[in-house]
Amino acid sequence: MTYSELVTAIRNYTDVDANVFPETVINTFITMAENRILRDIDLDVFKKEVAGNMTANNRFLSTPSDILTHRYLMITVAGEQVFLDFRDTSYMKEYWPDSTVTGIPKYYSVWDQNTFYVSPTPNQAFAAELGYIYRPAQLSSTEPTTWISERAPEALLYACLIQAYSYTKGPLDMLSYFDNSYKQAIQGLGVEQQGRRRRDEYRDGMARVKIKSDSPGP
């Protein structure tokens, strides 16, 4: 599904023209819909890893500009990879109240949309690796197709229609219908993701179906 096709579909399904749903409004629907999809399902295609270094005596770590949700934070200590545990900031402040005292980081938390908070405060510049889900380019007039629009058009359309019907305060039965349709589309996409993770040809060989064959006669 292309951007123009999605815009047309949203207006057709809601029976609303461009005066009520100009592209600026529809773009907001798309933003909310794509964000919901990315939060509702763990899509392998949007996983990313980035390497960097913590700074000694600095308990803050900048996050990538395209991060949507974090998956893990790992540091290298004496040649060994160590995963940090995710905790709430309040827990970390109670665990390590004096941030001027340094040590080997054990926990991390979200400080704000651009920063992680680690505890204890690093006592050296540890090599770090962050795994996260990145925010892909949004479907738009300048980005006419995306992975989601091509591989999960049903989920995208229904998620947009949920936003559209909420915006116009449409009938609750239609809103419920689109919400259920969206959940079914996401479930199907999830099954597809699990199937890809379950096996590959290198480990398991090509999938084959047994064919019944009668033994040859005497």
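See the structure above.
One structure accompanies this document, and this report is about it. (Residues numbered from 1 in each chain as written. Predicted model: local features only at pLDDT ≥ 70, side-chain atom pairs only at ≥ 80, totals over all residues. Heavy atoms only, no water.)

1. Quick notes on the pairing of strand β4 (residues 80-83)
Here is step 1: Both strand β3 (residues 67-77) and β4 contribute to a ladder of four bridges, which runs antiparallel. Within β4, the residue paired with M74 across the bridge is F83.
Here is step 2: Between β3 and β4, which pair antiparallel and follow one another directly, the connecting turn spans two residues, one of which, A78, has a positive phi of 55°. (Pairing = 2+ DSSP bridges. Helix = DSSP H or I, 4+ residues; strand = E, 2+ residues; numbered from the N terminus.)

2. Describing the side chain of S109
Here is step 1: Relative to the helices and strands, S109 resides in strand β7 (residues 107-112).
Here is step 2: On the accessibility criterion, S109 (3% relative accessible area) is buried.
Here is step 3: Engagement of the side chain of S109 in a polar contact is seen with the backbone oxygen of R87, the distance being 3.0 Å.
Here is step 4: Those residues within four positions of S109 in sequence are excluded, and the remaining contacts are F86, R87, D88, T89, M92, T115, F116 and Y117. (Buried < 20%, exposed > 50% of the residue type's maximum accessible area, 1.4 Å probe, protein only. Polar contact = N/O pair within 3.5 Å; in protein donor to acceptor, adjacent residues only side chain to side chain. Contact = heavy atoms within 4.5 Å.)

3. Section: the pattern of salt bridges
Here is step 1: Taken as a whole and judged by the stated rule, the model has six salt bridges.
Here is step 2: When the shortest N-O distance is used, the salt bridge between R36 and D179 registers 3.2 Å. With R36 in helix α2 (residues 23-40) and D179 in helix α6 (residues 172-198), this pair connects stretches of sequence that are 143 residues apart.
Here is step 3: For the salt bridge of K183 with D179, the shortest nitrogen-to-oxygen distance reads 3.2 Å. With a gap of four residues between them, K183 and D179 both fall in helix α6, about one helical turn apart.
Here is step 4: The exposure class assigned to K183 is partly exposed, which follows from its relative accessible area of 46%.
Here is step 5: Each of R36, D40, D179 and K183 takes part in salt bridges that share partners, so that together they form one network. (Salt bridge = Lys/Arg side-chain N within 4 Å of Asp/Glu carboxyl O.)

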